[in-house]
Amino acid sequence: MSDTVQHPQSILRRLCNGNNENLFVGDVCELSTTKRKKDFYNNNTKSQFVFTDKWIYIQKGSTKERHGYCTLGEALNRLDFSSAIQDLRRFNYVAKLFQLIARSQLTSLSGAAQKNYFNILEKIVRKVLEDHYNPRLVKELLQDLSSTLHSLTIHGRCVLVGNVNIWLCRLETIVKWQQELNNLQIPKQMCTGMSFSDLPLHMQNKILYKFSDACDIINLGQATPTLHILSENNTLWKKLCHFHFSDRPFCRTLAITKNDNVDWKLMYFTLQKHYPMKEQYGDTLHFCKHCSILFWKDFGHPCTANDPDSCLMPISPQHFIDLFKF
């Protein structure tokens, strides 16, 4: 017998990897391998439960049932936001909703809901990189999310569900997405037919009047000298102020005056600092006041009202968040 003293870890390694028949150690090794595979799957899975019904019942009042079932995370699953972002009518709506969640509701999500949130967010980023659709909005979303995670993980003011190292990895992923979006180059489209600048001036002007976002007007005005002149039109900015802030007494009074000395572009950006702007989306979630059901209008819901359309109420992203505050 050798007098050499063997280290316990060496013995365990030999028992695991050698030819010795040791059932107990073999079971330990098998369980360890199984756990690693399970952890790997849980941390990398991209899918959630698939629900055939694209609606969710909103329990009235504060009850145990509501706390256990009707949650923000459950709504993210059941309303199929993962597919909604593929519809351009809903993309801005979902992105704005995710921005609001990033600002204030991230800690209210369960671990599974947080995973689903980041899976959908990755699809949002990929869509922008592939289709070049509204990168500015997604950049703002990622910036807000990065600020929130920095405050929650680095400054330690709140405890997030899950290992802190996972969140630090997610922060690194967000930085990578931000770099990809900042480096995004939108190729110039080669069009042999009529372009926007070929349209008559009155048609170009009419299109500008359809815009509700000041940044879009300014960006379009940088395309050509003619569009710059059209984008600086004082009447255009007056209508934009009226669209967003007509419910403010000051702006309403100013709009009906015949004073031509008002700089409406300056007025718009001044009002923007103090009042929320009116939101406009191609499609939104709807809430049935009769059934207390939240749903996408295209998918419908099992309504029992005699006149279902009279019970519908469009839900803004902020209203959606408010529905799950209790």
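None of the values given here were measured: they were computed from a predicted structure.

Procedures and definitions
Residues numbered from 1 in each chain as written. Predicted model: local features only at pLDDT ≥ 70, side-chain atom pairs only at ≥ 80, totals over all residues. Heavy atoms only, no water. Helix = DSSP H or I, 4+ residues; strand = E, 2+ residues; numbered from the N terminus. Buried < 20%, exposed > 50% of the residue type's maximum accessible area, 1.4 Å probe, protein only. Contact = heavy atoms within 4.5 Å. Areas by Shrake-Rupley, 256 points an atom, 1.4 Å probe, with all protein chains shown as cover. Pairing = 2+ DSSP bridges. pLDDT = per-residue confidence, 0-100. Axes fitted to C-alpha atoms, helices over the stretch in contact; angles between N-to-C directions. Polar contact = N/O pair within 3.5 Å; in protein donor to acceptor, adjacent residues only side chain to side chain. Salt bridge = Lys/Arg side-chain N within 4 Å of Asp/Glu carboxyl O. Parallel < 35°, antiparallel > 145°, perpendicular 65-115°, else oblique. Left-handed = near helix turned anticlockwise from the far one by under 90°.

1. Notes on the overall build of the protein
(1) Moving on: The secondary structure content of the protein amounts to 16 helices and 4 strands.
(2) Moving on: Buried residues in the protein amount to 36% of all 326 residues.
(3) Moving on: Excluding contacts between residues fewer than 6 apart, the proportion of contacts in the protein whose partners are at least 24 apart in sequence is 65%.
(4) Moving on: In the structure as shown, the protein presents an accessible area of about 20,400 Å², 54% of it carried by carbon and sulfur atoms.

2. A closer look at the pairing of strand 3 (residues 293-296)
(1) Moving on: Every second residue of strand 3 is oriented toward a common face, with Ile293 and Phe295 on one face and Leu294 and Trp296 on the other, all of them buried.
(2) Moving on: Of the pairings in the sheet, the one linking strand 1 (residues 55-57) to strand 3 comprises 3 bridges and is antiparallel in character. Note on strand 3: the bridge partner recorded for Trp55 is Phe295.
(3) Moving on: Joining the antiparallel neighbours strand 2 (residues 285-288) and strand 3 is a turn of 4 residues, in which Ser292 adopts a positive phi near 60 degrees.

3. As for the confidence of the model for the protein
(1) Moving on: Mean pLDDT over the protein: 79, with 74% of residues reaching 70 or higher.
(2) Moving on: Summarising per-element confidence for the protein, the mean pLDDT is lowest in helix 2 (residues 23-44) (45) and highest in helix 6 (residues 88-105) (93).
(3) Moving on: Between residues 43-49, whose pLDDT stays under 50, and residues either more than four places distant or in other chains, the model counts 11 contacts.

4. A word on the sheet that holds strand 1
(1) Moving on: Taken in spatial order, the 4 strands of this open sheet run 1-3-2-4, and their pairing is antiparallel. Looking at which strands have only one partner, the edges of the open sheet turn out to be strand 1 and strand 4 (312-315). Across the sheet, the mean angle from the axis of one strand to that of its neighbour is 25 degrees, orientation sign disregarded.
(2) Moving on: The pairing of strand 2 with strand 3 spans 4 bridges and is classified as antiparallel.

5. Looking at the side chain of Gln204
(1) Moving on: As for its placement among the helices and strands, Gln204 is situated in helix 10 (residues 201-208).
(2) Moving on: Only 3.3 Å separates the side chain of Gln204 from the backbone oxygen of Ser197, close enough to count as a polar contact.
(3) Moving on: The residues touching Gln204, leaving out its near neighbours within four places in the chain, are Phe196, Ser197, Leu199, Leu227 and Leu230.

6. A look at the pairing of strand 2
(1) Moving on: The alternating pattern of strand 2 places Leu285 and Phe287 and His286 and Cys288 on opposite faces, both of which are buried.
(2) Moving on: Bridge count between strand 2 and strand 4: 4 bridges; the pairing is antiparallel. What sits directly across from His286, in strand 4, is Pro314.

7. Re the pattern of salt bridges
(1) Moving on: By the definition in use, this model includes 12 salt bridges.
(2) Moving on: Residue Arg136 pairs with Asp216 through a salt bridge whose shortest N-O separation is 3.5 Å. Of this pair, Arg136 sits in helix 8 (residues 135-154) while Asp216 is found in helix 11 (residues 214-221), placing the two residues 80 residues apart along the sequence.
(3) Moving on: Exposure remark for Arg136: the relative accessible area of 29% places this residue in the partly exposed category.
(4) Moving on: By relative accessible area, which is 34% here, Asp216 ends up partly exposed.
(5) Moving on: For Glu232, the salt bridge goes to Lys265, with nearest N and O atoms at 2.9 Å. You can see Glu232 sitting in the loop between helix 12 (225-231) and helix 13 (234-245) and its partner Lys265 sitting in helix 15 (residues 264-272), a full 33 residues away along the chain.
(6) Moving on: With relative accessibility at 37%, the residue Glu232 sits in the partly exposed group.
(7) Moving on: Look at Lys265 and you get partly exposed, because its relative accessible area is 23%.
(8) Moving on: Through salt bridges that share partners, Asp87, Arg89, Arg90, Asp283 and Asp298 make up one connected network.

8. Focus on the packing of helix 11 against helix 13
(1) Moving on: The N-to-C vectors of helix 11 and helix 13 enclose an angle of 160 degrees; their axes lie 11 Å apart at closest approach. As far as their axial angle goes, helix 13 and helix 11 are roughly antiparallel. In this structure, helix 11 meets helix 13 at a crossing whose hand is right-handed. Residue-level inspection shows Ala214, Ile217 and Ile218 of helix 11 in contact with helix 13, the latter providing Leu236, Trp237 and Leu240.

9. Some words on the packing of helix 6 against helix 7 (residues 111-131)
(1) Moving on: Orientation of helix 6 relative to helix 7, taken along the N-to-C sense of each, is 130 degrees, at an axis distance of 11 Å. In terms of orientation, helix 6 lies oblique with respect to helix 7. The two elements helix 6 and helix 7 meet at a crossing, and its hand is left-handed. Counted together, Leu88, Phe91, Val94, Phe98, Ile101 and Ala102 of helix 6 and Tyr117, Ile120, Leu121, Ile124, Lys127 and Val128 of helix 7 form the full contact between these two elements.

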